[in-house]
Amino acid sequence: MGNASQAELSSLTIRNRYGILSSMQRHNIGYLAGLIDGEGCISAYYDKNNASPRIRVSVVNTDKKMIDWIKKYYGGYTHHRRFRQDNWKDCYAWIINPSRKDKSLIESLIPLLITKKRQMKLVLEYIVSLNNHGEKTSKKVKRRRVEIYQRLKVLNSGSDND
């Protein structure tokens, strides 16, 4: 499950958007990393309002209890999708649009991830590029965000197999 031992995880001070994580949250960070690796998606999209790339981290599953658990301990929001086909189960999604408040959480997930480690490193790079509210974004930062967007698209397409 990555390079961090359980003892190392216990000693970490990890923050989510609501403050320092409890020992229960730190203990379960490996479980969250596994859910993101197995059931998760790290995607990039363009915000139509200002044509700026955005990042989304999500976990989708048919088990509402699991999705509610993630939200309870790590914040974000949830979405319920109903299907019209009788033989399809409803699905639930936990979603965060990472902000600077999520930096510590993302940093703590990176060493635990296997299949989505490179994508999550790009999420961290994106978070670092975010300005304080009201600050103007430089052209250099805007170009880097576009590069992050493009790199995520390549990684998610499976055409980059390094």
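A short tour of the structure in this document, coming up. Predicted model, so just to flag it, every value in this text is computed and none were measured.

About the cut-offs
- Residues numbered from 1 in each chain as written.
- Predicted model: local features only at pLDDT ≥ 70, side-chain atom pairs only at ≥ 80, totals over all residues.
- Heavy atoms only, no water.
- Phe/Tyr/Trp six-rings, centres within 6.5 Å; stacked < 30°, edge-to-face > 60°.
- Helix = DSSP H or I, 4+ residues; strand = E, 2+ residues; numbered from the N terminus.
- Buried < 20%, exposed > 50% of the residue type's maximum accessible area, 1.4 Å probe, protein only.
- Salt bridge = Lys/Arg side-chain N within 4 Å of Asp/Glu carboxyl O.
- Pairing = 2+ DSSP bridges.
- Axes fitted to C-alpha atoms, helices over the stretch in contact; angles between N-to-C directions.
- Contact = heavy atoms within 4.5 Å.

## Details of the packing of aromatic side chains
Here is step 1: All chains considered together, the criterion is met by 4 aromatic pairs.
Here is step 2: Between Tyr 46 and Tyr 149, the ring centres sit 4.6 Å apart and the planes meet at 65 degrees, which makes this aromatic pair edge-to-face. Taken together, the positions of Tyr 46 in strand β3 (residues 40–47) and Tyr 149 in helix α7 (residues 139–157) put the pair 103 residues apart, joining distant regions of the chain.
Here is step 3: For Tyr 149, a relative accessible area of 19% puts it in the buried group.
Here is step 4: The interplanar angle of 70 degrees and the centroid separation of 5.9 Å between the aromatic rings of Trp 69 and Tyr 74 together place this pair among those described as edge-to-face.

## Quick notes on the pattern of salt bridges
Here is step 1: Using the criterion set out here, one finds 4 salt bridges in the structure.
Here is step 2: Between Lys 103 and Glu 107 there is a salt bridge, and its shortest N-O distance comes to 3.0 Å. Within this pair, Lys 103 and its partner Glu 107 are both found in helix α5 (residues 103–109), separated by 4 residues, close to a single helical turn.
Here is step 3: Glu 147 is the partner of Arg 144 in a salt bridge, and the nearest nitrogen-oxygen pair spans 2.7 Å.

## Comments concerning the sheet that holds strand β6 (residues 91–96)
Here is step 1: In spatial order, the strands read β3-β4-β6-β5; together these 4 strands make up an open sheet with antiparallel pairing. Either end of the sheet is taken by a strand with one partner, and the two such strands are β3 and β5 (77–81). Sheet twist, expressed as the average angle between the axes of neighbouring strands with direction ignored, equals 30 degrees.
Here is step 2: Sheet topology places β5 next to β6; 5 bridges connect them, and they run antiparallel. Opposite His 79, over in β6, you have Ala 93 as the bridge partner.
Here is step 3: Helix-sheet contacts for helix α3 (residues 29–39) involve β3, β4 (52–61) and β6, and the interaxial angle to β4 is about 100 degrees.

## Regarding the side chain of Ser 58
Here is step 1: In this fold, Ser 58 is placed in strand β4.
Here is step 2: Leave out the neighbours within four places in its chain, and Ser 58 touches Glu 39, Gly 40, Cys 41, Trp 94 and Ile 95.

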